[in-house]
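In case you want the letters, here they are:
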Amino acid sequence: MMRPSELLIPTPAGLFCPPADIHIDPVRPVPRALITHGHSDHARAGHGSVLATRETLAIMALRYGEAFTGSRQVAVPGETTRIGDVTIRFVPAGHVLGSAQIVVEWRGLRIVVSGDYKRERDPTCAGFEPVPCDVFITEATFGLPVFRHPPAHAEVAKLLESVRLFPERTHIVGAYSLGKAQRVMALIREGGYDRPLYLHGAMEKLTDFYREEGVSLGETRKVVAAERKTLGGEIVICPPSAIQDLWARKFPDPVTAFASGWMRVRARARQKGVELPLIISDHADWADLQATIREVGAGEIWITHGEADALAHWCGTIGLKAKPLHLVGYGDEGEAEPDLPGGEPARAEAVS
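Residues numbered from 1 in each chain as written. Predicted model: local features only at pLDDT ≥ 70, side-chain atom pairs only at ≥ 80, totals over all residues. Heavy atoms only, no water.

Visitor: Would you mind showing me how to read the sheet that holds strand 10 (residues 109–113) here?
Guide: What holds strands together in a sheet is hydrogen bonding between their backbones, with the strands either parallel or antiparallel. On the basis of which strands lie adjacent, the open sheet formed by 7 strands has the order 7-8-9-10-11-18-19 and mixed pairing. In this open sheet, the two edge strands, each paired with only one partner strand, are strand 7 (80–83) and strand 19 (321–324). Across the sheet, the mean angle from the axis of one strand to that of its neighbour is 20 degrees, orientation sign disregarded. In terms of strand pairing, strand 11 (residues 135–140) meets strand 18 (residues 300–306) through 5 bridges, oriented parallel. The residue of strand 18 that forms the bridge with A140 is G306. Against the sheet, helix 8 (residues 286–296) makes contact with strand 11 and strand 18, and its axis sits at roughly 175 degrees relative to strand 11, the strand it touches most. (Pairing = 2+ DSSP bridges. Helix = DSSP H or I, 4+ residues; strand = E, 2+ residues; numbered from the N terminus. Axes fitted to C-alpha atoms, helices over the stretch in contact; angles between N-to-C directions. Contact = heavy atoms within 4.5 Å.)

Right under this line is the structure:
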């Protein structure tokens, strides 16, 4: 069998596959790219050509414009694409709509690149499908034992109970604009809430796209600045940075909520002025990282970003070879950025 480093190697631009001459989730423009999902730390504009799922290509076009790449090709989940002697297959990752793991095979060696993923059910996207492999390349955003996410529907129940208890107050929920916001909306609907949900303008494009893709989100309305004082008792969903802005203070006695795996760290919630922390994550927690690594049966684990050293140490304790790749450039959008909500970049807020 070939050595894994002959098939995939970490480079300053990201993971590179020499036999196919293609990068995976490159952090700078490259001639040819495979993209796992639409978050901006993984999906960047300026590549010569992009192979990704139909939904990810559409999300990139929404965020960057139709000219985000020289050419594009749709990867149908489960179907194999051959690039030279290398076969490529996209398999659902359960992270956001269109997200995929990338299965790379060459001369009897199979490497699975997870991208970002979660194992909990999500009504807005296809669930993670484990793929047996020789090398599993995983994220570790929440790769510490302290991170154990409760069921998301139970966290949304806390939000709905607060709305019931404080009918005169606006509940403002900070949620990342691609994936998390739509998942929260869908869970709110599953919780039995049928009033309109009010959205910050930065949420509209992607929410409309999810709806066009058949995701049931119920009625949503854009927040009109002049009407904010009339929205007592309503639920407003906005980018995380907006919950600390002057924009949020115009609502009646607002309850500030934030949907993120980082809300497990209560000190962080207090520091950011979050009154109602909602531990809802689109990344695997410690237990699910462990379970996934055991399930795929790989003899070697590579860890792209997050708490890589801790996860690599655990792998060693169960007899697996593991190494952090220390890839630079991932984790600056969404939950992978621990300094949110205050530090969410304005560029992401405008489009994500």
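Now that the structure has been shown, we can carry on.
Visitor: Looking at this structure, I do not really get unusual backbone geometry. What am I missing?
Guide: Negative phi characterises most residues that are not glycine, and trans characterises most peptide bonds. A positive phi angle, close to 55 degrees, is found at D21, a residue other than glycine. With respect to the helices, strands and loops of the structure, D21 is situated in the loop between strand 2 (14–17) and strand 3 (22–24). Judged by relative accessible area, which is 47%, D21 ranks as partly exposed. Phi at R107 takes a positive value of approximately 50 degrees, unusual for a residue other than glycine. Relative to the helices and strands, R107 is located in the loop between strand 9 (100–106) and strand 10. (Buried < 20%, exposed > 50% of the residue type's maximum accessible area, 1.4 Å probe, protein only.)

Visitor: Sorry, what's going on with the pairing of strand 19 here?
Guide: Each regular strand shows side chains that alternate between the opposite faces of the sheet. Relative to strand 19, strand 18 runs parallel, the two being bridged by 4 bridges. Considered in strand 19, the bridge of I301 is made with A322. Once you follow strand 18 into helix 9 (residues 308–317) and on to strand 19, the crossover reads as right-handed. (Right-handed = clockwise from strand over helix to strand, strands pointing away.)

Visitor: Just checking my understanding: could you explain the sheet that holds strand 16 (residues 255–259) for this structure?
Guide: Read from one edge to the other, the open sheet built from 6 strands follows the order 14-13-15-12-16-17, with strand pairing classed as parallel. What marks the edges here is a single partner per strand, and that holds for strand 14 (220–222) and strand 17 (276–278). Going from strand to strand, the sheet's axes swing by 25 degrees on average, the running direction of each strand aside. Sheet contacts for helix 3 (residues 152–165): strand 12 (171–174), strand 15 (235–238), strand 16 and strand 17; angle to strand 17, the most-contacted strand, approximately 155 degrees. Contacts between helix 4 (residues 180–190) and the sheet are confined to strand 13 (197–199), strand 14, strand 15 and strand 16, with strand 15 contributing the most and set at about 160 degrees to the helix.

Visitor: Mind showing me how you'd approach helix 4 here?
Guide: An α-helical turn contains 3.6 residues, so a residue and the one three or four places further along point in the same direction. Burial of helix 4 is extensive: 10 of the 11 residues sit out of reach of the surface. Buried residues along helix 4 sit in contact with helix 3, strand 13, helix 5 (204–212), strand 14, strand 15 and strand 16. Looking one or two places after helix 4, you find G192, whose phi comes out positive at around 100 degrees.

Visitor: In this structure, what is going on with the packing of helix 2 (residues 54–64) against helix 5? I would like to understand it.
Guide: Each pair of packed helices gets described by two things: the angle between the helix axes and the distance between those axes. The interhelical angle for the contact between helix 2 and helix 5, taken along N-to-C directions, is 155 degrees, at an axis separation of 11 Å. As summarised for this structure, helix 2 and helix 5 are arranged roughly antiparallel, according to the angle between their axes. For the element pair helix 2 and helix 5, the recorded crossing hand is right-handed. Here E55, A58, I59 and L62 of helix 2 come into contact with helix 5, specifically with K205, L206 and F209. (Parallel < 35°, antiparallel > 145°, perpendicular 65-115°, else oblique. Left-handed = near helix turned anticlockwise from the far one by under 90°.)

Visitor: Honestly, the nonpolar core in this entry has me stumped. Any pointers?
Guide: If you look at soluble globular proteins, the nonpolar side chains tend to sit buried side by side. In this structure, L159, I188, Y210, I235, I237 and L278 are the most contacted members of the largest nonpolar core, which totals 34 residues. Every element with two or more residues in this core is listed here: helix 3, helix 4, strand 13, helix 5, strand 15, strand 16 and strand 17. Top element by residues in this core is helix 4. It accounts for 6 residues. Apart from the residues within four sequence positions on either side, I237 is in contact with V173, A175, A181, V184, M185, I188, Y198, L199, H200 and M203. L8, L51, I111 and V113 belong to the second largest nonpolar core, which has 28 residues in total. (Core = buried A, V, L, I, M, F, W, Y, C linked by side-chain atoms within 4.5 Å.)

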